[in-house]
Amino acid sequence: MPDSSSFFHFEWQPADSGVRASELAATWARLDLNVDGNCPTIAEDLATGSIRRSISVSLYPLAEWITYNWWGLLFGVEKGTLPTTGDGHNLRAAGDGFCWPNVTVRSEGGGTRLTWQPDTVRQAGWPIRFLTSGAAWVETERLRSSFAGLVDATLVRLGEAGLDATTLYKEWQVLKELDGEEVEFCEACGRLGLDPFAEGATFADAIEQVFQRLDETNRDDLLDALAPGELGPALAWVAEAQAAARPDTLRQASAFSTDLDGLRKELETDSDRFGERAYRIGYRQAGLVRQALSLSPTEPVRLDQLPVAQVQGVAKAPSSSLQGVSVTTDDREHANLALGWPASRTSLLFASARCFWGLLFDSAHTNLFTDAPSRRQQVSRAFAAELLAPAEGIRVLTGGRGGLAWPSPVADHFGVSEVVIERQIQNRLLDHRS
């Protein structure tokens, strides 16, 4: 049995009489999932109408699915080119004729989001339907331990039945025998959506360059944002942007007059609470900063009010997912921001607000700003939106009719794009996410 911190709770049972495959019969169990008190395996028996928390399945196909999708499950983020319920991320793909709950596993950088959905229509041939929906943000290491515990327990059970020469055993041994550098390569492939033992070889040189040129945080953000074929051009662009943004090449005075160290001390009481959604952290931090700077909800922030100098002499980024590079001065009182040319004034302002977040809340000397769904990137995007166009300000300007107002006049007032206003209305006013 796994320890109490595992998401998988199961008891071995005799297999149903119709189960022919020896691997399936030997690993028959009653299984329930427990995600911090939530149970995605709650299901209705369609024949009797009774409700139960567990399902009767073989753990062999589940262990295989975990093993074959190991790197993507632990490190693969959701990108625009990937479906949210792809085979490598949704437990239902474990298949083999069993009824699996609709649970999706996605990395969010620093943690993993588990989401599950009920069956709104009857699955053909299934005797049950799953009933619950929910989401939880969990530590990746805890998820790794839960996955490994289930696979190990399945292999022990197979060994006890004299079935220790399975493909599952061979694949799991390969994973366990990888050295440190091989593990890093496989994790990078997982972030890129690649099978490290198949497509990974094609991009091995480009991945090696990422490791050589970027620190761990920026490396992960780049891998989370890009498609594999974009790595080479993106690295060249980042190098050009970093050179252009070096503090010794540009120092632009701004109207920002607040001591940043003093502001940081005021914000020290705010912390990243584990499990809290990234956008909530960004919204809260922006509210604290606006309060510290004595900005009213309707007061716009101008470019020259931020301790950021913008550089536009860099070629257009090779991917729309790569949005900017900032380099912080040694005294951490100023940062230079490089964006691809041409950049609109609204893009400059939004990127500068993200750069301001880096100055206040991130100790890194160099920051990449991307559209990756990693936690760090999500926080900075939410911070920029709420700093520049706070939900309360939008509510005041629209007379409380945020959902009905055309965003253009409000966007013009705050100096941001209409997209920022639309998302603030949707996320903060209509969905009440504040």
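See above for the structure.
Note on numbering: residues in each chain are counted from 1, in written sequence order. Per-residue local features are limited, in this predicted model, to residues with pLDDT of at least 70; the limit for side-chain atom pairs, both in listing and counting, is 80 or more; totals at the level of whole chains, interfaces and linings are taken over all residues. Side-chain metrics in this entry use all non-hydrogen atoms of the structure; hydrogen atoms and water are not considered.

A.B. asks: Tell me about the overall build of the protein, and please be specific about residues and values.
C.D. replies: By the criteria applied, helices consist of DSSP H or I runs no shorter than four residues and strands consist of E runs no shorter than two, each listed in order from the N terminus. The number of helices and strands found in the protein is 16 helices and 13 strands. Its C-alpha atoms put the protein at 75 × 50 × 35 Å along the principal axes. The buried share among the 434 residues of the protein stands at 51%. By the convention used here, residues are in contact when the closest approach between their heavy atoms is within 4.5 Å. Expressed as a percentage of contacts within the protein between residues at least 6 apart in sequence, the contacts between residues at least 24 apart total 69%. Exposed residues in this analysis have more than 50% of their type's maximum accessible area, buried residues have under 20%, and partly exposed residues fall in between, with area computed by a 1.4 Å probe over protein chains only.

A.B. asks: Tell me about the packing of helix α11 (residues 278-292) against helix α13 (residues 375-388), residues and numbers included.
C.D. replies: Where helices are involved, their axes are fitted lines through C-alpha atoms of the stretch in contact, as for all axes, and angles between N-to-C directions lie from 0 to 180°. One way to put it is that α11 packs onto α13 with a least axis distance of 7 Å and a crossing angle of 40 degrees. Looking at the two axes, α11 sits oblique to α13. As for the relative orientation of α11 and α13, their crossing is right-handed in sense. Contacts between α11 and α13 involve A278, Y279, I281, G282, Y283, Q285, A286, V289 and R290 on the former and, on the latter, R375, Q378, V379, A382, F383, E386, L387 and L388. Here roughly perpendicular refers to angles of 65 to 115 degrees, roughly parallel to angles under 35, roughly antiparallel to angles over 145, and oblique to all remaining angles. Should the near helix be turned counterclockwise from the far one by less than a right angle, the crossing is left-handed, whereas a clockwise turn marks it as right-handed.

A.B. asks: Please set out the sheet that holds strand β2 (residues 28-33) residue by residue, giving values where relevant.
C.D. replies: The pairing criterion is simple: DSSP has to find at least two bridges between the two strands. Spatial strand order, β1-β2-β5: three strands in an open sheet with antiparallel pairing. Of all strands in the sheet, those with a lone pairing partner are β1 (8-12) and β5 (55-58), marking the two edges. Recorded for the sheet is a direction-independent mean angle of 40 degrees between the axes of neighbouring strands. Summarising the sheet, β1 and β2 pair through five bridges and their orientation is antiparallel. Across the sheet, the residue bridging to F10 is L31, located in β2.

A.B. asks: Can you explain the sheet that holds strand β6 (residues 102-107)? Please cite residues and give values.
C.D. replies: Spatially, the three strands line up as an open sheet ordered β6-β7-β9, and their pairing is antiparallel. The sheet is open, and its two borders are formed by β6 and β9 (134-138), each paired with just one other strand. Taking the axes of each pair of neighbouring strands and ignoring which way they run, one obtains an average angle of 15 degrees across the sheet. Where strand β7 (residues 112-117) and β9 come together, five bridges link them in antiparallel fashion.

A.B. asks: So what's going on with the side chain of R219? Residues and values would help.
C.D. replies: Take R219: it is sitting in helix α8 (residues 216-225). Apart from the residues within four sequence positions on either side, R219 is in contact with V210, F211 and L214.

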